[in-house]
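Residue strings, one per chain:
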There are 2 protein chains.
Amino acid sequence: MGSASRVVNGHPGVRPEIRERVRTAARELGYRPDPLAQGLRARRSRLVTLVVPDITNPFFAELARELELDCAARGYQLVLRNSMESPATEYDALLSALDHRPSGIVVVPTAGTTALPATGDVPLVVCDRRLPGGAAPTVVSDNRQGASAATAYLMGLGHRRIACLAGPPGVHAADERLAGYLALTGGTPEGHGPVVRGPFDYATGQRAARELLDLDRPPTAILAGSDQQAIGVLHACLNRGLRVPDDISVCGFDAIALSALTSPALTTVRQPVRRIAARAMEFLLGPRPPDPAGFPAPAGADDCAGAGDSVGARDSAGARGSTGARDSTGAADSAGASDSAGARDSTVAGSSTRAADPSAPHSDVRNAPAPHPAEPDADLPHPAAPVLVSLPTELVVRASCAPPPEGTRTP
Amino acid sequence: MGSASRVVNGHPGVRPEIRERVRTAARELGYRPDPLAQGLRARRSRLVTLVVPDITNPFFAELARELELDCAARGYQLVLRNSMESPATEYDALLSALDHRPSGIVVVPTAGTTALPATGDVPLVVCDRRLPGGAAPTVVSDNRQGASAATAYLMGLGHRRIACLAGPPGVHAADERLAGYLALTGGTPEGHGPVVRGPFDYATGQRAARELLDLDRPPTAILAGSDQQAIGVLHACLNRGLRVPDDISVCGFDAIALSALTSPALTTVRQPVRRIAARAMEFLLGPRPPDPAGFPAPAGADDCAGAGDSVGARDSAGARGSTGARDSTGAADSAGASDSAGARDSTVAGSSTRAADPSAPHSDVRNAPAPHPAEPDADLPHPAAPVLVSLPTELVVRASCAPPPEGTRTP
DNA sequence: GTGAAAGCGCTAACAT
DNA sequence: ATGTTAGCGCTTTCAC
């Protein structure tokens, strides 16, 4: 029975003969490991908890989907929690999530979150937004760079009065986007255009647009802080009888599905949701096919047959041995992290290399304001885990932006 | 220690003194029950699994949120799974969900789903869509009635050429909505207008609208199968230079948040998402405050004090005893179910009365290798459980519909 | 490398 | 009504 367990968990050091015998028996008996018992004993359930402010936000929904798909592929289950933008609710959600001893936690903190509960040895990663003090490992997209790219695009089109509708103060993504905008417009002879801030929602977009349009010299372009805002802006403009992009340009942020389907289609900045999800999961669970077992991961007893049959040789290397079986990831991703460096000093992190053991690398990453100020040494198992990963965004040029009405001016 | 368990689980028959003692100790020790151990022993985890085609669909996101909120309030966690409209994926998701011995399963089946796996003694409820053969307990909104209401409204406005953009064939909600439309227009002297079918998404709306607008005698109103479709229609019309609602009326379905924020705001049919969620949860877990414990449900050790104290009497009737403690629900909701009967024979269910024991009523609903071929005996727990609950929808009149351009004709 | 034994933290039958 | 006793199904030392 000990050996059975070893086989199921893909532990090395089991004679091939025995392993096959166990596998066959398992298959014939239709054996399915009991996650509860496993969890109780191993003090770790195959659950990943996601805490978002509100799953109804299309961006979070997309994130949730990507995470869930990734979980499913690895044989994990995604637990969903809504904090409803309440730090207290978020805190409670985290606490009760912890009770279930999840394999990892992904949280998109509320605007008011200052600290997260101690997670013990449960790895946690912050997504999309940042916590003050960078108190936890974080993966975000490079909002500043994205906003700058959009601003540059607008300026290149000839716009000189570009308004910025930014998200709520204190929300990292909002602040960063604003910073990206200011970085380019601030140095301009005309100075930067009007700035309005507010929640990332449709209503705010409408309200802000009306406000902006009522100005003495209304802007010729509006850079919104989210697609939802941008759509609100779009509608407000349209309602005012303005043509977009002929009379005014509008640019969004996020590239949610809907943004492609407005009229005109929204020029926007794409957040690499899929990559964000992938990086987060990688951080929590290790590189993609941890293949933690010869077969328990795949759900149906069916498909494991196909896969399991010829697998015998596969894990000769030991899917999760103590050696650098997983550095493939490290290499690829350090690249991903650094190529976002196009934007200034901001973000970007202590690059790639992660220790091999999935249980170890996180413990020190948490709370810990920088475990070691500097890590000169570096071979394989050094405890230097990236604290902040910033993924590059992508400008999606569609139809909602054009040169300003009066005529383009080439600088 | 036995008593401790009894207290924690709110079992009756514990002397108040002891109970207090246990509670105090628990509080001081910061005791938190281990859900894994509880689950292993009780063969039931405090998890509820939700399987949706795609959480990215705003309607499902809303459903998920409501369910999650309800779960959280009861001390449960919501596991999210995306079937991506693939019956096979859905099946696997259910299978692996079952491994965790959830307290219940909510599934929005894919269009191609014909059967669900046997869930053993795990209660399962189908939401929003229906399974062929009504093989499982179901709670949906009365789509037919909703579509009829919208159609009637349009006809009342004077429209005679109303097109219907319906969802994909085979999807129950889509079929029902179409039926609701046909029921009113079919008998009309002019007969019903053109019908187009396709996925519930934005793109389909745009495509269909263009198609419809190219007709020799284009419709004066379009009844869409979803808000997403309707928004696509809206954009397509606007792009064609048509004014909505002056030149053409558009009506949506679902009343997602976005529908209020388009310009013009969408007239649509509201699905009682919150009630759907509430009913589903009630079906799975019993009436709202099952308060399965004096305090483990509330997350923080803080709030448990307030609630737990005076609870003592609550469960005198036994929140989930073998008697009809839950027909309060049945009464209220059977009403809800039947007043939707305004639309013909359709939906509506074997009204209210449900068996009291949560473990029993479901077993027979499934195909199930039936433990006992027949269970003649029946006192309160008669196996007559409602198989279908249909909740009434609500027409939300906003700005996207108006009398047809040529002039209204009063019948 | 492989069995055997000892529990993970809790609940449900038991005896009291 | 309370204390005691078995395990739930698995992982993990620990001897072999």
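Coordinates for the structure precede this section.
The present account deals with the structure reproduced in this document. (Residues numbered from 1 in each chain as written. Chains lettered and ligands numbered in written order. Predicted model: local features only at pLDDT ≥ 70, side-chain atom pairs only at ≥ 80, totals over all residues. Heavy atoms only, no water.)

When their charged atoms lie close together, side chains carrying opposite charge are able to pair. All names here are of chain A. If you walk through the whole model with that rule in mind, you get 34 salt bridges over all chains. The closest approach of N and O atoms between Glu282 and Arg279, which form a salt bridge, is 3.5 Å. Separated by three residues within a single helix, Glu282 and Arg279 lie in helix α10 (residues 273-285), roughly one turn from each other. A relative accessible area of 13% places Glu282 in the buried class. (Salt bridge = Lys/Arg side-chain N within 4 Å of Asp/Glu carboxyl O. Helix = DSSP H or I, 4+ residues; strand = E, 2+ residues; numbered from the N terminus. Buried < 20%, exposed > 50% of the residue type's maximum accessible area, 1.4 Å probe, protein only.)

Our next topic: the protein's contact with DNA strand D. Every one of the 22 residues lining DNA strand D counts as a neighbour, but A:Tyr31, A:Gln38, A:Arg41, B:Arg15 and B:Arg41 are closest to it. Counting only atoms of DNA strand D within 4 Å of the protein, the sugar-phosphate share comes to 59%. Here B:Arg41 contributes a side-chain N or O atom positioned 2.8 Å from a base nitrogen of DNA strand D. Of all elements in the fold, only α1 (2-8) and α3 (35-42) of chain A together with α1 (2-8) and α3 (35-42) of chain B reach the threshold of two or more residues within the surface near DNA strand D. (Near = heavy atom within 4 Å. Polar contact = N/O pair within 3.5 Å; in protein donor to acceptor, adjacent residues only side chain to side chain.)

This part takes up the environment of B:Leu184. All names here are of chain B. By the element assignment, Leu184 lies in helix α7 (residues 172-185). The exposure class of Leu184 is partly exposed, given its relative accessible area of 30%. The spatial distance from the C-alpha of Leu184 to the C-alpha of Ala147 is 9.5 Å, given a sequence separation of 37 residues. Ignoring any residue separated from it by four or fewer positions in sequence, one finds Leu184 in contact with Ser148, Thr151, Ala152 and Met155. (Contact = heavy atoms within 4.5 Å.)

Inspection of the region around DNA strand C gives 22 residues, with A:Arg15, A:Arg41, B:Tyr31, B:Gln38 and B:Arg41 positioned closest. What you see for DNA strand C is that sugar and phosphate hold 61% of its atoms within 4 Å of the protein. Note that a phosphate oxygen of DNA strand C is positioned 3.0 Å from one of the side-chain N or O atoms of A:Arg43. In the environment of DNA strand C, a phosphate oxygen lies 3.1 Å from a nitrogen or oxygen atom belonging to the side chain of B:Asn9. Elements that contribute at least two residues to the surface near DNA strand C include exactly α1 and α3 of chain A together with α1 and α3 of chain B. When the residues that make up the surface near DNA strand C are grouped by side-chain class, the tally is seven nonpolar, seven polar and eight charged. (Nonpolar A, V, L, I, M, F, W, Y, C, P; charged D, E, K, R; others polar.)

With that out of the way, let us pick up the sheet that holds strand β9 (residues 249-251) of chain A. All names here are of chain A. With respect to topology, four strands assemble into an open sheet ordered β7-β6-β8-β9, the strand pairing being parallel. Each end of this open sheet is capped by a strand with a single partner; those strands are β7 (195-197) and β9. Neighbour-to-neighbour, the strand axes of this sheet turn through a mean angle of 15°, independent of strand direction. Judged from the three bridges that link them, strand β6 (residues 162-166) and strand β8 (residues 221-223) form a sheet pairing that is parallel. Residue pairing in the sheet places Ile162 in a bridge with Ala221 of β8. The sheet contacts of helix α6 (residues 143-156) involve β6, β8 and β9, and relative to β8 the element is tilted by about 175°. Sitting on the sheet, helix α7 (residues 172-185) is in contact with β6, β7 and β8, with an inclination near 170° to β6. (Pairing = 2+ DSSP bridges. Axes fitted to C-alpha atoms, helices over the stretch in contact; angles between N-to-C directions.)

Let us look at the sheet that holds strand β2 (residues 77-82) of chain A. Taken in spatial order, the 12 strands make up an open sheet running β11(A)-β5(A)-β4(A)-β3(A)-β1(A)-β2(A)-β2(B)-β1(B)-β3(B)-β4(B)-β5(B)-β11(B), and their pairing is mixed. In this open sheet, the two strands that pair with only one neighbour each are β11 (388-391) of chain A together with β11 (388-391) of chain B. Sheet twist, expressed as the mean angle between neighbouring strand axes with direction ignored, is 25°. Looking at chain direction, strand β1 (residues 47-52) of chain B and strand β3 (residues 104-107) of chain B are connected through four bridges and run parallel. Opposite B:Leu50, over in β3(B), you have B:Val106 as the bridge partner.

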